[in-house]
Amino acid sequence: MTTNLMKSRYNVHGPLHAHPVFHIMYILEGKGRFTVGSTTTEALPGMLYIINPNEPHRFIFGLDEPLTNLESTFQLLDAAGNAAEVHFFDFARAAGPTHPLNTNRPLVVPARLRPLLTEGFDRILELYDAPLLRSHFGLMVAELLSRVETVVESYLQTERPLQGEASVIASIKQYLHTHRGRPITLKEIADFAHLTPNYLCRLFKAHTGESPFNHLQGIRMREAEQLLALTDLPVYAIAERLGYEEPSYFARVFRSVYGIAPAAYRMRLLADTARLKR
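To start, this report covers the structure provided alongside it. Bear in mind the structure is a predicted one, so any value in this text is a computation, not a measurement. (Residues numbered from 1 in each chain as written. Predicted model: local features only at pLDDT ≥ 70, side-chain atom pairs only at ≥ 80, totals over all residues. Heavy atoms only, no water.)

### Side note on unusual backbone geometry
Leaving glycine out, the prevailing phi sign among residues is negative, and the prevailing peptide bond configuration is trans.
Argument step 1. For S8, which is not a glycine, the phi torsion comes out positive at approximately 50°.
Argument step 2. Note that S8 resides in strand β1 (residues 2–9).
Argument step 3. The phi dihedral of N54 falls on the positive side, at around 65°, and the residue is not glycine.
Argument step 4. With respect to the helices and strands, N54 occurs in the loop between β6 (47–51) and β7 (57–61). (Helix = DSSP H or I, 4+ residues; strand = E, 2+ residues; numbered from the N terminus.)

### Some details on the nonpolar core
Argument step 1. In terms of nonpolar packing, the biggest core is built from 28 residues, with I24, L48, I50, F88, L117, V148 and V152 touching the most fellow members.
Argument step 2. Looking at this core, the elements that each hand over two or more residues are β3 (22–29), β6, β8 (67–74), α2 (114–127) and α3 (136–159).
Argument step 3. Counting residues per element, this core draws most heavily on α3, which supplies 9 residues.
Argument step 4. Dropping the residues within four chain positions of it, L117 is found in contact with Y26, L48, V109, L144 and V148. (Core = buried A, V, L, I, M, F, W, Y, C linked by side-chain atoms within 4.5 Å. Buried < 20%, exposed > 50% of the residue type's maximum accessible area, 1.4 Å probe, protein only. Contact = heavy atoms within 4.5 Å.)

### Brief notes about the sheet that holds strand β5 (residues 39–43)
Argument step 1. Strand order in the open sheet made by the 4 strands is β2-β7-β4-β5, with antiparallel pairing throughout. For this open sheet the edge positions go to β2 (12–13) and β5, each flanked by a neighbour on one side alone.
Argument step 2. Sheet analysis places strand β4 (residues 32–36) next to β5, joined by 5 bridges and oriented antiparallel. Note that in β5 the partner of T35 across the bridge is T40. (Pairing = 2+ DSSP bridges.)

Note that all results are geometric; they support no functional claim without further evidence.
Quick look at the structure:
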């Protein structure tokens with residue numbers, strides 16, 4: 001698998017080909033022309049191409065102006081270790097060949113989700129400079145795919161919009177995820193949702209079974225677990241990255257969730273990794 005930031009390619013033509021890998025291609029700048037299956041589209045900033053294994057495809061990078069894009073190429077294996085031919089949009093196949101998710105056209109990523117997507121690529125790229133096992137890249141690619149799924153879900157909601165309270169809760173969850181890296185107050189969340197703080201808490205708990213801050217804590221703790229496992233960032237830097245102003249408070253929250261301090265959790269992971277390598 002590879003993940004790259006490809007900068008300023010101009011008038012680069014590739015042949016039509018197919019292979020048993022996924023391509024996740026996100027256009028940042030410039031113009032190009034991408035062919036997937038029998039569909040050819042102009043590649044423009046904000047477009048996301050999801051190319052399934054063994055789908056014929058061809059890329060022309062840089063038409064009129066250089067093209068810069070993020071891309072991740074990877075292979076999924078079956079239980080026997082062979083390349084698995086799967087389709088990212090299997091759930092949409094029943095809708096018929098004319099459904100937009102079955103026409104090999106790119107998805108236009110909403111502006112509010114573009115930082116979420118680029119961050120997923122950036123976190124994989126950061127691993128190339130970290131002293132980590134190669135297997136960790138697979139975990140971060142899986143995390144990137146969860147972000148891609150968020151984009152797809154947003155597209156489906158545009159087709160079949162959530163109504164009323166469900167739409168409000170979905171927006172709040174997205175807001176919490178987007179702003180997980182800085183301190184956030186209940187009033188800020190309530191102002192975003194145009195609700196009073198008390199009503200926000202009651203509504204959120206009625207739909208999710210937890211408070212907004214418990215939901216935010218879950219987002220932060222899952223990310224803390226990944227950062228401890230996959231990076232060499234010190235605990236204080238992880239705390240700061242997740243919006244905790246006091247590393248000691250972050251450590252207490254982490255211990256309450258996982259039953260162990262962050263540093264001890266990382267040491268246990270390193271010991272487990274060393275044992276598996278022997």
